[in-house]
Amino acid sequence: MDEPLLRIEDLAIFIDGPDGGRQAIVADMALTLAAGETLGIVGESGSGKSLLSLAVMGLLPAAVHATGRILLEGRNLLAMGDDALCSVRGRRIGMIFQEPLTALNPAMTVGDQIAEGMVIQQGLSWRAARQEAIVLLDRVRMPDAARLSKTYPHALSGGQRQRVGIAIALAMKPALMIADEPTTALDVTVQAEVLDILDDLRRDAGMALILVSHDLGVIARMCARTLVLYAGRRMEEGATRDVLTKPLNPYTRGLLRAVPRRQPEGGRLQTIPGTVPSFAARPAGCCFSDRCPDRIDACHADEPPWTRATPGRGVRCIRAHGERAP
Amino acid sequence: MIETPLLDIRDLSRDYAGGGPFTGRHVTRALDAVSMTVQRGTIHGIVGESGCGKSTLARLVMALDRPTSGRVLFEGEDLFALPARALKRRRRDFQMVFQDPFGSLDPRQTVGRIVAEPLHVLDGKPGRAECRDRVAAMLEAVGLSADHAARYPHAFSGGQRQRIAIARALITEPKLVVADEAVSALDLSVQAQVLNLLMDLRDRRGVTILFITHNLAVVDAVADRVGVMYRGRLVESGPAQAVFARPLHPYTRLLAEAEPDVTRFGRPDRAPLTVSTAIDLDVGCSFRNRCPLAVARCSTERPDLRVLRDGADMPDRQTACHRAEVLLETETAG
């Protein structure tokens, strides 16, 4: 049987409470990703999408613990020691962060920041690594790469900094790239360019991509499959086109309706009443039951299980299947 | 007789001096001869990318900064010709909502104090009981409850904080609210609530809103009129619906095409235009190096805002493009 590139099983992420207790921020998380595949993870703040990507990278903060299994090429990352993890991180998994300015070292030239990983991980000489850095900058379509590799981050624009961030992650030729809101801080025209660069690299290098974003439009443009998260739970998963055109979960439907667009006759936008609950204040039963327009009494009773509607399509909602019946 | 517009901006420019002791002085023109009017009771959108001068415009309209040249007329009164005391009195009529709902509220003050603070600058400052009543009424008007006044900002979510910021801006019953990226930091499900609130305030209280954002979809959803800015200049203006349905400037079209859309799957066929060459911004059109329609005239003659030659069926629309007629033809052909 083919082992997928990444398989997450029963992942839960806990935070230590002040009274010694533990609270689950993320629970019952699972996903698989094959080589070269693209998965979009959608969620609002507090959905656990960033924690999930940090858990895969082994970068969870100290107060947070993960249980379950994160298998990369068959090896459980959660059971690995720091040294073993270090060689996976960077070499097999690359990460692109949201803030291109804070993610870069202001006191080091961008060329050296790209070269650093290759020197440490691959044993290249600095001279060779710096040459390679210029090639990488060229691949992320940085104009005048040789000159710009000797500049510091402050001299670059936001789009250029994000290209440097991509080049750093790319230097190790990772099998899996995790991009956490990579274009949120960028202008739309620059965003389009950066997304195209990511897409080209994925195609050329056969890299798998997890794109974390709150922007459904970005997900529609980039990802074949989509996973919708809310309050640390999977709500819905499937082919992006299916999820965004035929959503099964009321939360996904609500999100799609709330996308700003002109309403006829100066009408009002549709909203989801209320706000995303903090992880300490989740409602009983389904985590969306306090805001859901389709809720029934049973929604408050138990957390609904994750169900497979069709192959490749999953949903967490007791109303999802009832509604589809004629 | 034509009614005086609430806000009349005339030839407004702002230069910032840059450079240090080693690089030589140079001047950046953040805002370049922008003229526009904002009518009462409308939401007037300003869109553009970072560095286009939209926040500089907001600061000048709020009289937080002085222009290099040009005037801002508020109800026909030049804000920068007013004596300091008169300007201070005038400030109750225009208020601002900032982007960051976390950074713009003092964490050590109760919501009641935060919202009441603008009242303290008023002449004939209302008494304590009246202050409390007005704060309570205002909190309810923005969808919070009166007993929230005793709590501190940390107890509120991002959307609720932005409501507090809006309540603070509205407490002096201003005629104009400048909202600079006021919903950009909010989650999708909460963003729509705040946008609806802004439309309600316009319809029920007649508040005029200058709504500044980089997000086209948001402007399209709420704005009555829109101005598109590029590199310090206003390049297109008109009714929001018409501008986005049929752009008259290639930059507006570029923005609209680059905007991700939940109904467009996969990568668009057309590659986005990249900036190829540096250009001399002092002459000609500043968009010419990214423009697919640029001709020789664009690099010698600066396009001014104008009405189209056959613009009879396009009321109130203006574009700063020599090639707008060609743009319209290519659009109908393609």
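Criteria and thresholds
- Residues numbered from 1 in each chain as written.
- Chains lettered and ligands numbered in written order.
- Predicted model: local features only at pLDDT ≥ 70, side-chain atom pairs only at ≥ 80, totals over all residues.
- Heavy atoms only, no water.
- Contact = heavy atoms within 4.5 Å.
- Buried area = accessible area lost by both parts, 1.4 Å probe.
- Salt bridge = Lys/Arg side-chain N within 4 Å of Asp/Glu carboxyl O.
- Polar contact = N/O pair within 3.5 Å; in protein donor to acceptor, adjacent residues only side chain to side chain.
- Helix = DSSP H or I, 4+ residues; strand = E, 2+ residues; numbered from the N terminus.
- Nonpolar A, V, L, I, M, F, W, Y, C, P; charged D, E, K, R; others polar.
- Domains from an automatic or database assignment.
- Pairing = 2+ DSSP bridges.

### Description of the interface of chain A and chain B
How big an interface is tends to be reported as the loss of accessible area on association of its parts. Listed by partner, the interface residues are 42 residues for chain A and 39 residues for chain B. Summing the contributions of chain A and of chain B, the shared interface buries around 3500 Å²; its carbon and sulfur component is 56%. Joining chain A to chain B, the criterion identifies six salt bridges. For D220 of chain B, the salt bridge identified is with R262 of chain A, shortest N-O distance 3.0 Å. Put simply, chain A and chain B have 17 residue pairs in polar contact (both at pLDDT 80 or more) between them. For the side of chain A that touches chain B, the elements supplying multiple residues, two or more each, are α7 (188–205), α8 (216–222), α9 (240–245) and α10 (250–258) of chain A. With ten residues, α7 of chain A is the single largest residue contributor to the side of chain A that touches chain B. Within the side of chain A that touches chain B, the residues separate by chemical class into 16 nonpolar, eleven polar and 15 charged.

### Examining the domain arrangement of chain A
Residue and element names in this part refer to chain A. On domain assignment, one finds that chain A holds domain 1 (6–230) and domain 2 (248–258 + 282–326). Between domain 1 and domain 2, the C-alpha centre-to-centre distance is 30 Å. Taken together, both faces of the contact between domain 1 and domain 2 bury some 870 Å²; the carbon and sulfur share is 56%. Looking only at domain 1, the three residues that lose the most surface to domain 2 are L216, V228 and Y230, adding up to 57% of its buried area. Counting every contact that joins domain 1 to domain 2 gives one salt bridge.

### Comments concerning the pairing of strand β4 (residues 69–74) of chain B
Residue and element names in this part refer to chain B. Across five bridges, the pairing between strand β1 (residues 7–18) and β4 is antiparallel. Along β4, the bridge assignment pairs I9 with V72. Here β4 runs beside strand β5 (residues 77–78); their pairing, made up of two bridges, is antiparallel. Bridge pairing in β5 links L73 to D78. Following β4, the chain reverses through two residues before pairing antiparallel with β5; E75 in that reversal takes a positive phi of roughly 50 degrees.

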